[in-house]
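Geometric and topological summary
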Amino acid sequence: MSERRDIDAVEPLGTVGVFSRGIARIPHLSAFLGADRVVFRPDVRRARVDTVVGWGRKPNTARARAWAERAGSRYVMLEDGFLRSLRVGLSGEPPLSLVVDDEGVYYDATAPSRLERLLDGPADPALLERAARCMQLVRTHRLSKYNDSPDRDLGPRTRERVLVVDQTAGDLSVRLGLAHAGGFGAMLEAALEEHPDAEVIVKTHPDVDTGKKTGHLLRASGERVRLLRERAHPVSLLSQVDRVYVMTSLVGFEALVAGKPVTCFGAPFYAGWGLTDDRVTVPRRGVRRTVEELFAAAYLRYARYVNPETGRRCEVERVIEHLALQREMAEANRGTTVCVGFSAWKRRFVPSFLHAPDGALTFARDSSAAERVVKTPDTRLLVWGTREPARLRAVAGRRSIPIWRMEDGFLRSVGLGSDLASPASLVVDRLGIYYDPSRPSDLERILEEAPFTEDELRRARTLRETIVAHGISKYNVGTRARIGPPEGDGRPVVLVVGQVEDDASIQLGCVDVRRNEDLVRCARENRPGAWIVFKPHPDVVSGNRRGAVDPVRASAWCDEIVEEGALSDCLAAADEVHTMTSLVGFEALLRELPVSVYGLPFYAGWGLTRDRHSHPRRTRRLSLDELVAGTLLRYPRYVSRVTGTFTTPEVIVEQLRDARQREGPLSSLRATWAARQLRKAINLAKVMLDAP
């Protein structure tokens, strides 16, 4: 998604003065404001300030307003945007969206605001089309202003159900929103009277749910009244009710986006335009507007957004994408995860891939320790790879809880895992693990069954092209090298990819060819006239793992051995690739190279490789972009090195490219024991510094 292209609703602010520490601490504040410079508590005698900003209509903005008046500066109000963050504001999580208003503020119905001005004239048809697309994205991803609350099932619906939305005591949007004289009590009574057979759900505000504020309807009761104080994602409630009553809450507009009828007992920004049943009036708002027009004005033009990765202004679509991913992962990680048998090093980075607002994470040394810490039925056990002892399976059976498996992802790091370079991606598999063909895995299930959209396939194609263009691989190590036969020698180049011979993917995924020496020999037998290039695994070259082939013996079957050369150079020189189960076979497919497979890796059996063995469970014929979509877009989880939040493979590719350019290649993969230990110590220090 590109950076922001919208025209700002407010003129440039120039040099901005800030008097609030809270505002000054907002990350990327200058980008939000479009400011030339931000000055904290400027001196009126020395500082030239074009604009002073304060937080909405709060009483504590008096100093800023007075300073602006004395200095002849413009005063502008800020507020949270409508797609703010994963967690509520009081959690300390910074906003991804702000509104900047030089006329008023959207929740103050006693005076005009910039948002009302934006709704005065007709909207551009292209903007309305974009608004419709964004609304669909919001519905699809089930987004709200805050997005950390769990979905809440209200149970079977046997009659009409009405949602009444409470708000926090002292909320300025209530006082300035022309609230009905009878207040929240009158709103509840109206809901009961106007829907005499309905169940009425009263939902408290998220800040009340966390105990940080109080509300108006906390004592609501009655035969048909159900007070819901538990945390609940508003979108999940909207899908289970027939009508919504609000005073001024944003949930009312979210209900309009969801297609629900809304009654307003105050004057929120979306009331008075012919879309809501209004119990108070705003004479200024006499024009009828559609939901798309309101969304376009409020979400596309009025609110401002920053890209959490770059800190630059961006479009709302980028924030939708980000929040959708955070919410998806929060749902996936909800509950308790017990990690069993993880090394001290893995314990430093694993929490970044498993965190959630409603998630609990603990580590257990062994199966007995794991059983002692299992307390709740929403617990799962997590092991690394296939390290799943029989005793742990017995624990899972006794407690009726699942065992999940974790492994490195396919776009991992700049540096080797065996050198303790921390990963940018991991996979969590609930069925098996991708390199064990003896049983299904989540990846195999995705590739065999999942439908892929055209947008997803276009994204997969672009990602594949970017990976190839940047020469990105799993580890991104090695130096530039010339690969292949001498000039004038027209023999095709066959790249034979070595592996760690005691690796689980060899033990589980190979049938008859299990050693690197046998692989090179088979490649020569199958391609007798080719220039055979053997590339040992970098973990073997570094001395960290087993699998070395005697160069003298290997030379009987290969023409060239490349130990230090970068994988991207090897693939660029190759006409085809031969492998047992190596991920390099998948990376060769990304480059549209023919791949001969001697084992049963995850990318074999789909009609894209020459397979030595069949795989009966894999019956679907995939396109290359479908394979990429399942393998790189859907299956792994990625964590940004910049934000520490979940991110996309596209961002990780850019970060790996930048890290490789910044750090440069290893001077040599082959190193002494002391040099290897130093590399590990440096990488461990990086992980400890980056860990939450």
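Here goes a summary of the coordinates provided. In this text, all values refer to a predicted model and were calculated from it rather than measured experimentally.

1. Details of the pattern of salt bridges
- Under the defined criterion, the tally for this structure stands at 55 salt bridges.
- Glu-103 is the partner of Arg-117 in a salt bridge, and the nearest nitrogen-oxygen pair spans 3.0 Å. One end of the pair, Arg-117, is in helix α4 (residues 114-118); the other, Glu-103, is in the loop between β5 (97-101) and α4, with 14 residues separating them in the sequence.
- Overall, Glu-103 belongs to the partly exposed group, its relative accessible area being 26%.
- A salt bridge links Glu-116 to Arg-284, with the nearest nitrogen and oxygen atoms 2.8 Å apart. Linking Glu-116 in helix α4 with Arg-284 in the loop between β11 (277-278) and α11 (291-302), this pair joins segments that are 168 residues apart in sequence.
- Accessibility expressed as a relative area gives 8% for Glu-116, which makes it buried.

2. Points about the sheet that holds β11
- Taken together, six strands build an open sheet; the order of strands is β8-β7-β6-β9-β10-β11 and the sheet is parallel. Of all the strands in the sheet, just β8 (225-228) and β11 have a single pairing partner and so form its edges.
- With three bridges connecting them, strand β6 (residues 161-165) and strand β9 (residues 243-246) associate as parallel partners. Paired with Val-162 across the two strands is Arg-243, which belongs to β9.
- Together, β6, β7 (199-203), β8 and β9 form the strand contacts of helix α7 (residues 183-194), whose direction differs from that of β6 by roughly 175 degrees.

3. As for the nonpolar core
- Judged by nonpolar contacts, the single largest core of 65 residues is most densely connected at Phe-82, Tyr-106, Val-244, Phe-253, Phe-269, Phe-295 and Tyr-299.
- Per-element tally for this core: the top contributor is α11, with nine residues.
- Leave out the neighbours within four places in its chain, and Tyr-106 touches Glu-79, Asp-80, Phe-82, Val-99, Asp-101, Ser-113, Leu-115, Lys-145, Phe-269 and Tyr-302.
- Listed in part, the 57 residues of the second largest apolar core include Ile-446, Trp-531, Tyr-603 and Val-653.

Conventions adopted
Residue indices begin from 1 for each chain and proceed along its sequence in written order. Totals for whole chains, interfaces and linings use every residue, but because this is a predicted model, local features are given only for residues with pLDDT of at least 70 and side-chain atom pairs only at 80 or more, for both listing and counting. Side-chain measures here rest on the full set of heavy atoms in the structure, leaving out hydrogens and waters. Any Lys or Arg side-chain nitrogen located within 4 Å of an Asp or Glu carboxyl oxygen qualifies as a salt bridge. Segments assigned H or I by DSSP are reported as helices when at least four residues long, segments assigned E as strands when at least two residues long, and all are numbered from the N terminus. We call a residue buried when its accessible area falls under 20% of the maximum for its residue type, exposed when it is over 50%, and partly exposed in between, using a 1.4 Å probe and counting protein chains only. We call two strands paired when DSSP finds no fewer than two bridges between them. When checking whether two residues touch, look at their non-hydrogen atoms; a contact exists if any pair is within 4.5 Å. Note on geometry: axes are C-alpha line fits, over the in-contact stretch for helices, and angles between N-to-C directions span 0 to 180 degrees. To qualify as a nonpolar core, a set must consist of buried Ala, Val, Leu, Ile, Met, Phe, Trp, Tyr and Cys residues joined through side-chain atoms within 4.5 Å.

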